[in-house]
Amino acid sequence: MTKSTGNLSSNNPIICAIDTTDIAKAKKLVQSVRDSVGMIKLGLEFFTANGVAGVREVAGDIPLFLDLKFHDIPNTVAGAIRATAAINTSIITIHASGGKAMMQAAAKAAKSLPSSPIIVGVTALTSLDDDDLKAIGFANNIQNQVSKLADLVLENGLDGVVCSPHEIEILRKQCGKDFKLVVPGIRPAGSASGDQKRVMTPKEAINLGASYLVIGRPITEAENPAQAAKDILASL
Ligand code: C5P
């Protein structure tokens, strides 16, 4: 049970997002990038299709970001986090909008696990805009909502947030140097942005203060995924 904490301090901030339900495809990808990335990310899609057994089979002893974005009452979220003991994860996500008690329960549950995963909060989903927030009854605009939830994350014992590249600078200032900023929406110079609307290069994001870069398609759809990851690492 040493993989998580040990590798969190690794010098490789690249987290490769494995977005598929196909277990054979996921395994092949993970085997090809395992020595070139710091961690892999499996999310709701993969987990719903393949469960804990599938995660164990694909991740093996590679540091894992389990991106299930838990959002429920404190007791249930704490129980779900404790249940990840069977998977041994390095990073787990929960929704910061689940409230103070839920965040505190999540932080406490994480500390009880042998792998001591870090827990990061999802603030406002990047698929939402100001009008969407208003429609679901939130008074803040996106930027203020992200800022407010990041403060709550910090106050309630979580380790950081998932944020867009364009929030790195402000959140790094607001939340201090130890706060973890896990950043998707990263594109190496010259690569296709796909459906990502606001992208940044790996180097720009790291220079602004990102802790981890979540990168999917620029690695997984490359002809040689391992080389693509190595090139990104070299660019930092
Ligand atoms: O392929 P790509 O590099 O766009 O993958 C980014 C990964 O980060 C995907 O797994 C996506 O679901 C995730 N993500 C994101 N934007 C967020 C939160 C998570 O792109 N705001």
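Cut-offs and rules
- Residues numbered from 1 in each chain as written.
- Predicted model: local features only at pLDDT ≥ 70, side-chain atom pairs only at ≥ 80, totals over all residues.
- Heavy atoms only, no water.
- Buried < 20%, exposed > 50% of the residue type's maximum accessible area, 1.4 Å probe, protein only.
- Helix = DSSP H or I, 4+ residues; strand = E, 2+ residues; numbered from the N terminus.
- Pairing = 2+ DSSP bridges.
- Right-handed = clockwise from strand over helix to strand, strands pointing away.
- Near = heavy atom within 4 Å.
- Polar contact = N/O pair within 3.5 Å; in protein donor to acceptor, adjacent residues only side chain to side chain.
- Areas by Shrake-Rupley, 256 points an atom, 1.4 Å probe, with all protein chains shown as cover.
- 1 Å grid on protein atoms, 1.4 Å probe; cavity = no way out; pocket = protein on both sides within 12 Å on 5 of 7 lines; lining within 4 Å.
- Sits in = over half its atoms within 2 Å of the grid points.
- Axes fitted to C-alpha atoms, helices over the stretch in contact; angles between N-to-C directions.
- Core = buried A, V, L, I, M, F, W, Y, C linked by side-chain atoms within 4.5 Å.
- Contact = heavy atoms within 4.5 Å.

Undergrad: Can you tell me about the pairing of strand β3 (residues 64–70), naming the residues and giving the values?
TA: Looking along a regular strand, one sees the side chains alternate between the two faces of the sheet. For β3, the buried fraction is high: 6 of the 7 residues fall into the buried class. Relative to β3, strand β2 (residues 39–43) runs parallel, the two sharing 4 bridges. Paired with L42 across the two strands is L66, which belongs to β3. In this region the chain leaves β2, passes through helix α3 (residues 44–59) and returns to the parallel neighbour β3; the handedness of that crossover is right-handed. Pairing of β3 with strand β4 (residues 91–95), which is carried by 3 bridges, proceeds in the parallel orientation. When the sheet's bridge partners are listed, L66 is paired in β4 with I92. With respect to chirality, the unit in which β3 leads through helix α4 (residues 74–83) into the neighbouring parallel β4 is right-handed.

Undergrad: Requested: an account of the site of the ligand, with residues and values cited.
TA: Within the structure, the ligand sits among A17, D19, K41, T126, P184, R187, Q196, V214, I215, G216, R217 and P218. In the model, an oxygen atom of the ligand is placed 2.8 Å from a nitrogen or oxygen of the D19 side chain. Separating an oxygen atom of the ligand from a backbone N or O atom of G216 is a distance of 2.8 Å. Protein coverage of the free-state accessible area of the ligand, which is 460 Å², stands at 80%. Of the pockets mapped on this structure, the ligand occupies the largest pocket.

Undergrad: Could you give me a rundown of the pairing of strand β7 (residues 180–183), with the residues and numbers involved?
TA: Alignment of strand β6 (residues 160–162) against β7, held across 3 bridges, turns out to be parallel. Note on β7: the bridge partner recorded for V161 is L181. Note that the unit made of β6, helix α8 (residues 168–175) and β7 has a crossover that is right-handed. The pairing of β7 with strand β8 (residues 212–215) spans 2 bridges and is classified as parallel. Paired with V182 across the strands is Y212, a residue of β8.

Undergrad: Which residues make up the sheet that holds β3, and what are the values?
TA: One closed barrel accounts for 8 strands, arranged β1-β2-β3-β4-β5-β6-β7-β8; its pairing is parallel. Averaged over all pairs of adjacent strands, the angle between their axes in this sheet comes to 25 degrees, without regard to strand direction.

Undergrad: Could you give an account of the nonpolar core, with specific residues and numbers?
TA: For soluble globular proteins, nonpolar side chains are generally found buried alongside one another. Ranked by size, the top nonpolar core spans 61 residues in total, and within it I40, I81, I94 and I219 carry the most contacts. When residues in this core are grouped by element, the largest group, 7 residues, is from helix α5 (residues 100–111). When sequence neighbours within four positions are dropped, the list of residues in contact with I219 reads I14, C16, V33, V37, P225, A228, A229 and I232. Core analysis: the second largest hydrophobic core is formed by 10 residues, I91, I118, V120 and Y212 among them.

Interpretation in functional terms is not warranted from these geometric data alone.
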